[in-house]
Amino acid sequence: MRGLKQNWDHLYNQNHDFRQITSQALTTVLSHVNQNLEKTCLDLGCGTGQLTRELFHRGYDCIGVDGAESAIHIARSLTTQTVHLTYLQGNLETLEPNDLPKQQFSLITCKLVFAFIKDKERFLKLAHEFLSPDGTFVIITPVFGSKTSEIKPSICVDRDETDRLLHEQFGHVTVMPLDNSECFIAYR
């Protein structure tokens, strides 16, 4: 895992960033979220924090977590607000509930990260544990069989396997296309 972390740090240090979510796509995602819950969000694999900041500007109290120290440094440098918007450096593979200042979130996002998670079942169990009752867990990721998989298969996941894993942990799952990726929306 150390090699993977160093690779991400190297990419961020070279001013590489990754595809951002559009405002329209985020509006579509949020239309599936229970609006009656307190607006709290955990962004797993937040990178430089673009999605985390967008959610903050839409009224969410947000925590973004990423394994790359350089990405967290960039996210913090791009953020003027430090109340209700926090970035933490931490290994997504070993994250535990007591690693975060808040224990449950009404929304958990995971954008363009799921393909790199080795123990997907553990990761999903942890997401379920962090999710408030009636909360929403969102994975945005390219899948095999898409145009992206022809160019960058290493960043893609198997759609059916991901759907199966989410159903095992969450029960109800909706899948829809979103910005050249698939958006898996799971409910607790």
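The residue numbering used here restarts from 1 in each chain and proceeds along that chain's sequence as written. Per-residue local features of the predicted model are confined to residues with pLDDT of at least 70, and side-chain atom pairs are confined, for both listing and counting, to 80 or more; whole-chain, interface and lining totals are unaffected and use all residues. Hydrogens are left out, water is left out, and the side-chain values use all remaining heavy atoms of the structure.

Novice: Please provide a residue-by-residue account of unusual backbone geometry, values included.
Specialist: Phi at D179 takes a positive value of approximately 50°, unusual for a residue other than glycine. Position of D179 among the secondary structure elements: in the loop between β6 (172–178) and β7 (181–187). The phi angle at N180 is positive, at roughly 60°, despite the residue not being glycine. Secondary structure elements are defined from DSSP: runs of H or I of at least 4 residues count as helices, runs of E of at least 2 residues count as strands, and each element is numbered from the N terminus. Within the secondary structure, N180 sits in the loop between β6 and β7.

Novice: So what's going on with the sheet that holds β7? Residues and values would help.
Specialist: A pair of strands is considered paired only if DSSP assigns at least 2 bridges between the two. Reading across from one edge, β3-β2-β1-β4-β5-β7-β6 is the order of the seven strands in this open sheet, with mixed pairing throughout. Sheet topology places β3 (85–89) and β6 at the edges, where each strand pairs with a single neighbour. The mean angle between the axes of side-by-side strands here comes to 15°, regardless of whether they run parallel or antiparallel. Judged from the five bridges that link them, strand β2 (residues 61–66) and β3 form a sheet pairing that is parallel. In the sheet register, D66 faces β3, and the bridge partner there is Q89. The criterion used for residue contact is that any of the two residues' heavy atoms lie within 4.5 Å. Angles run from 0 to 180 degrees between N-to-C directions of axes, and those axes are lines fitted to C-alpha atoms, restricted for helices to the stretch in contact. Its contacts with the sheet put helix α4 (residues 69–77) on β2 and β3, and the angle it makes with β3 is roughly 160°. Its contacts with the sheet put helix α5 (residues 120–130) on β1 (40–44), β4 (105–111) and β5 (131–141), and the angle it makes with β5 is roughly 140°.

Novice: Give me α5: which residues, what numbers.
Specialist: Note on classification: 1.4 Å probe, protein chains only; a residue is buried when its accessible area is under 20% of the maximum for its type, exposed when over 50%, partly exposed between these limits. Listed in full, the buried residues belonging to α5 are K120, F123, L124, L126, A127 and F130. Each buried residue of α5 sits inside an arc of 160° when the element is viewed along its axis, so together they form one side. Turning to α5, the residues buried within the fold contact β1, β4, β5 and α7 (159–170). It is the directions from the helix axis to the C-beta atoms that the arc portrays.

Novice: Tell me about the nonpolar core, residues and numbers included.
Specialist: When a protein is soluble and globular, its nonpolar side chains tend to lie buried together. Of all hydrophobic cores here, the largest spans 30 residues; its most connected members are L42, F123, F137 and L166. Looking at this core, the elements with two or more residues in it are β1, β2, β4, α5, β5, α7 and β7. At five residues, α5 tops the list of elements feeding residues into this core. If sequence neighbours within four positions are ignored, L166 has contacts with L124, F137, I139, G171, V173, F184 and A186. Only buried Ala, Val, Leu, Ile, Met, Phe, Trp, Tyr and Cys residues count toward a nonpolar core, and they belong to the same one when joined by side-chain atoms within 4.5 Å.

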